Amino acid sequence: MGKLRLIIFAIFQSVFRALYKISFLSTLIHNLTCFLAGLSRLFSGTTPLQIYAKGNNAPTKRLILYEFEGCPFCRIVRETLSVLSIEVLIYPCPRETLKKYGHHKSSRFRGEVKKLGNKIMFPYLVDENTGKSLYESKDIIAYLWENYSGGQKKPLFYKLSMKGPLLILGFFLHALMRPLPSMGILRTPSKRPEKLLELWGREHHVGTKRIREALCTLEIPYILHHSNSEPKGTLKDPNTQKSFSKAKEACSYLFAHYQDGSTKEESLLDYGKDDRGEKRSPKA
Ligand SMILES: N[C@@H](CCC(=O)N[C@@H](CS)C(=O)NCC(=O)O)C(=O)O
């Protein structure tokens, strides 16, 4: 990342850190920045295609995605899953440090990706219906449209948001809006739940996003339902029989119940510090 970009990110990070300490402002700022982050992506994937209503088949076995919220390439894959209304099992793989690309030591699921695909790069999709496993967001997106769109056309705003300049601008603005480590960038040590949690919602729905970020930083695996069978932003935890429809309560519960250590408070100025002089593996 360019030095100037890192400085801008680091300034935003400090401003947000300070603002979130003012408790009566925190919900407002969360909601506003999640909304602006969605806007920066033209709310891509938020409105689903009506494909399954027209008799096309959803995948029989649930797809599996290794990803993390702070990763823009993972986001465009989730946007695609959302527009196609595909249910997915998420294994969150937030970074352990901003300093080193592809690092894994204490991460709950990064090691699995290394074992399965032989490199630590996200997103990584596993489809047991076809036996295919894929890296590379563009390949994954093309694969999803080819196999699970029923030949339908891409919606206009989805298509626009994937075009070069808008894609890059969206990546940048989104990262500015959600720059804190606990927003699904760095891992927060946690206790692993026995049963999978379940979340309903669409990609840029504000409440769903906040809950996804919490699940991600806590490395809690969950089923993400891109469907309307429950109101958007509903979280259910079968381990405790708890159910939430408000993001603030759901996030407070997740941290209170599962957090088991503190999030590393690295600055975005630390980004890539330990990668200097090394040849960074895969290029975007
Ligand atoms: N060209 C790849 C780029 C993927 C990529 O660079 N992903 C980053 C996250 S945004 C990654 O895996 N970083 C390794 C790490 O987080 O340690 C794609 O489009 O999927």
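Residues numbered from 1 in each chain as written. Predicted model: local features only at pLDDT ≥ 70, side-chain atom pairs only at ≥ 80, totals over all residues.

**As for the environment of Ser106**
Piece 1. In this fold, Ser106 is placed in the loop between β2 (88-92) and α4 (110-117).
Piece 2. On the basis of neighbour count, Ser106 is assigned to the exposed category, with 12 C-beta atoms found within 10 Å.
Piece 3. With 11 residues separating them along the chain, Ser106 and Arg95 place their C-alpha atoms 9.9 Å apart. (Helix = DSSP H or I, 4+ residues; strand = E, 2+ residues; numbered from the N terminus. Buried ≥ 20, exposed ≤ 12 C-beta atoms within 10 Å, placed from the backbone.)

**Topic: the site of the ligand**
Piece 1. As a structural note, the neighbourhood of the ligand is formed by 16 residues, with Cys71, Phe73, Met121, Phe122 and Ser137 the closest of them.
Piece 2. Contributing elements (two or more residues each) for the shell around the ligand: α3 (72-83) and α5 (137-148).
Piece 3. Partitioned by chemical class, the residues of the shell around the ligand number 10 nonpolar, 3 polar and 3 charged. (Near = placed C-beta within 6 Å. Nonpolar A, V, L, I, M, F, W, Y, C, P; charged D, E, K, R; others polar.)

**Regarding the packing of helix α2 (residues 23-40) against helix α7 (residues 164-177)**
Piece 1. Remark: α2 packs on α7, axes separated minimally by 8 Å, with the N-to-C direction vectors making an angle of 175°. Relative to α7, α2 is oriented roughly antiparallel. Side by side, α2 and α7 meet where Thr33, Leu36, Ala37 and Ser40 of the first sit next to Gly170, Leu173, His174 and Met177 of the second.
Piece 2. Its residues assigned to classes, the contact of α2 with α7 comprises 4 nonpolar, 4 polar and no charged. (Axes fitted to C-alpha atoms, helices over the stretch in contact; angles between N-to-C directions. Parallel < 35°, antiparallel > 145°, perpendicular 65-115°, else oblique. Contact = placed C-beta atoms within 7 Å.)

**Some remarks on helix α9 (residues 247-258)**
Residues separated by three or four positions in an α-helix point in the same direction, a consequence of the helix having 3.6 residues per turn.
Piece 1. The terminal C-alpha atoms of α9, which comprises 12 residues, lie 16 Å apart, in line with the 16 Å expected from a rise of 1.5 Å per residue.
Piece 2. In the core, the buried residues of α9 are packed alongside α8 (206-217), β7 (234-237) and β8 (242-244). (Expected span 1.5 Å × (residues − 1).)

**With respect to the sheet that holds strand β1 (residues 63-67)**
Piece 1. The strand order across the open sheet formed by 8 strands is β4-β3-β1-β2-β6-β5-β7-β8, and the pairing between neighbours is mixed. Pairing within the sheet leaves two strands with one partner each, and these edge strands are β4 (132-134) and β8. With strand direction ignored, the average angle separating the axes of adjacent strands in the sheet is 20°.
Piece 2. Bridging between β1 and β2 involves 5 bridges; their strand directions are parallel. Each residue of the ladder has a partner; that of Leu63, found in β2, is Val88.
Piece 3. Each of β1, β2, β3 (124-127) and β4 is contacted by α4, which is oriented at about 65° to β3, the strand it contacts most. (Pairing = 2+ DSSP bridges.)

**Quick word on the pairing of β2**
Piece 1. Burial within β2 is extensive, with 4 of its 5 residues counted as buried.
Piece 2. Regarding the hand of the β-α-β motif, the stretch spanning β1, α3 and β2 is right-handed.
Piece 3. Note that β2 and strand β6 (residues 222-225) share 3 bridges and pair antiparallel. In the strand pairing of β6, Val88 is matched with Leu224. (Right-handed = clockwise from strand over helix to strand, strands pointing away.)

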